[in-house]
Amino acid sequence: MTISTDLDAILADIRACRACLGQLPHTPRPVVHVFPETRLLICGQAPGRRVHESGLPFTDPSGDRLRDWLGIDATAFYGDRRIGVAAQAFCFPGTNPKGGDYPPPRRCAELWRPRLLAQLRKVELTLLVGGHAQAWALGERRKASMTATVAAWAEYAPEILPLPHPSWRNTAWLKRHPWFEAEVLPYLRGRVTAILAS
Ligand code: SF4
């Protein structure tokens, strides 16, 4: 088997991937949005139902909040090739009857992540959005909880910034932790502005 090494070939392989066929409640539809120019890489957990249907990342209320955090609109988010999105899993894992979505299947990151990230050579800042992305990327550098990891954001900067997931489910978390909007978001917006100005 020939292993593709350049970014276009890996993206084509990912988009054709059906490794989870039969294990998801739908046909896999990988969603990945990165470019050779990507300098800001957003790593979430997995597409939700709306993203599964649109084929574009963060086409949902979480995306609206994330774009507000970044200080950019949808035109820049989807149109500027310096911004890329590669979740821990590229396919919608399905809705858990107990609430929320199922977690991203680990096999996806094992199968694709090292090869994909190795081709994104211009990334200056990686946003680890939520606990799954933080667990994968930080390993033992992760703190005991997502909150503690985000609170220690300055330890990981300037290459990495851990964030909570922008889901409405975290609205109460945001209210309980006002330091996030007061300290982390100004830093994040400053970095995004600098990346898009360069
Ligand atoms: S979740 Fe990942 S491994 Fe599974 S089918 Fe989609 S792209 Fe392939």
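This text follows the structure it describes.
Residues numbered from 1 in each chain as written. Predicted model: local features only at pLDDT ≥ 70, side-chain atom pairs only at ≥ 80, totals over all residues. Heavy atoms only, no water.

Caption draft 1: Region of the structure containing the sheet that holds strand E1 (residues 40-43). If you walk across this open sheet you meet the four strands as E2-E1-E3-E4, and the pairing is parallel. Edge strands, defined here as strands with exactly one partner in the open sheet, are strand E2 (83-85) and strand E4 (160-163). Each strand of the sheet is rotated relative to its neighbour by a mean of 20 degrees, with strand direction disregarded. When E1 meets E2, the two strands line up parallel, connected through three bridges. Residue pairing for E2: Ile42 is matched across the bridge by Val85. Docked against the sheet, helix H6 (residues 131-138) engages E1, strand E3 (125-129) and E4, running at close to 130 degrees with respect to E3. (Pairing = 2+ DSSP bridges. Helix = DSSP H or I, 4+ residues; strand = E, 2+ residues; numbered from the N terminus. Axes fitted to C-alpha atoms, helices over the stretch in contact; angles between N-to-C directions. Contact = heavy atoms within 4.5 Å.)

Caption draft 2: Representation of the packing of aromatic side chains in the model. Applying the stated criterion across every chain, the model contains six aromatic pairs. Ring centres of Phe77 and Tyr78 lie 5.0 Å apart, and the angle between their planes is 85 degrees; on these two criteria the pair is classed as edge-to-face. Between the aromatic rings of Trp173 and Phe180, the centroid separation amounts to 5.8 Å while the plane-to-plane angle is 75 degrees, which identifies the pairing as edge-to-face. Using a relative accessible area of 6% as the deciding quantity, one classes Trp173 as buried. Three or more aromatic residues link up through ring pairs in this structure, and these residues are Trp69, Trp173, Trp179 and Phe180. Directly above the aromatic system of Phe77 lies the positively charged group of Arg67, at a separation of 4.9 Å from the ring centroid. (Phe/Tyr/Trp six-rings, centres within 6.5 Å; stacked < 30°, edge-to-face > 60°. Buried < 20%, exposed > 50% of the residue type's maximum accessible area, 1.4 Å probe, protein only. Lys NZ or Arg CZ within 6 Å of the ring centre and 35° of its normal.)

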